Amino acid sequence: MTAHSPVTRAWTCSGCGLPWPCPTRKQELQAEYDRTPVSLALHLGAHLVQATADMPWTPAGILHQRFLGWTRSRAVHANGTREKTSVQSVAGRGR
């Protein structure tokens, strides 16, 4: 059980008061769903649906980024920043 649970209606963290999911909860969720990213997305998507109903004044893009956007990278640090990764060029392959 985590101390960083959502307080619905306001969608703040019960542990630290930051917007939920807070950096600590993101790190916990990433560890919990390490091998099942689709399950993590479904779990957070359900929270997104509820948050959208609770905060209709908040733009959808902001809520999407808050609940799901950070999950796209496997290397998300506790503070919410992403680890820089290099992209290899595929030019010339397949010729």
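In this report, we go over the structure that sits alongside the text. For clarity, every value in this text was computed on a predicted model and none was experimentally measured.

So, about the overall build of the protein chain. Across its full length, the protein chain holds three helices and two strands. Starting at the N terminus, the α and β elements of the protein chain follow one another as β-β-α-α-α. The buried share among the 95 residues of the protein chain stands at 32%. Residue pairs at least 24 apart in sequence account for 42% of intrachain contacts in the protein chain once pairs closer than 6 positions are excluded. For the protein chain, the computed accessible surface area is about 6500 Å², with 56% contributed by carbon and sulfur atoms.

Attention now moves to the pattern of salt bridges. Summed over all chains, the structure comprises three salt bridges. In this structure, Arg-25 engages Glu-28 in a salt bridge whose closest nitrogen and oxygen atoms are separated by 3.1 Å. Of this pair, Arg-25 and Glu-28 both sit in helix H1 (residues 23–32), three residues apart, which is roughly one turn of that helix. Judged by its relative accessible area of 9%, Arg-25 is buried.

In this model helix H2 (residues 37–54) runs 25 Å from its N-terminal to its C-terminal C-alpha over 18 residues, within 8% of the 26 Å that 1.5 Å per residue would give. If you check which residues of H2 are buried, you get Leu-40, Leu-44, Gly-45, His-47, Leu-48, Ala-51 and Asp-54. Those residues of H2 hidden inside the fold are in contact with strand E1 (6–7), H1 and helix H3 (60–67).

This part covers the environment of Pro-21. Residue position: Pro-21 is located in the loop between strand E2 (12–13) and H1. The exposure class assigned to Pro-21 is buried, which follows from its relative accessible area of 4%. Separated by 23 residues in sequence, Pro-21 and Leu-44 place their C-alpha atoms 9.1 Å apart. Residues within four places of Pro-21 in sequence aside, it is in contact with Lys-26, Arg-66, Phe-67 and Trp-70.

Bringing the nonpolar core into the picture now. In terms of nonpolar packing, the biggest core is built from 15 residues, with Trp-11, Trp-20, Leu-29, Leu-40, Leu-44 and Phe-67 touching the most fellow members. At four residues, H2 tops the list of elements feeding residues into this core. Setting aside its immediate chain neighbours within four residues, Leu-29 contacts Leu-40, His-43, Leu-44 and Trp-70.

So, on to H3. Among all positions of H3, only Leu-63, Arg-66 and Phe-67 are buried. The buried side chains of H3 occupy one side of the element, clustering within an arc of 85° when seen end-on. On its buried face, H3 sits against H1 and H2.

Scoring rules and cut-offs
Residues numbered from 1 in each chain as written. Predicted model: local features only at pLDDT ≥ 70, side-chain atom pairs only at ≥ 80, totals over all residues. Heavy atoms only, no water. Helix = DSSP H or I, 4+ residues; strand = E, 2+ residues; numbered from the N terminus. Buried < 20%, exposed > 50% of the residue type's maximum accessible area, 1.4 Å probe, protein only. Contact = heavy atoms within 4.5 Å. Areas by Shrake-Rupley, 256 points an atom, 1.4 Å probe, with all protein chains shown as cover. Salt bridge = Lys/Arg side-chain N within 4 Å of Asp/Glu carboxyl O. Expected span 1.5 Å × (residues − 1). Core = buried A, V, L, I, M, F, W, Y, C linked by side-chain atoms within 4.5 Å. Arc of directions from axis to C-beta.

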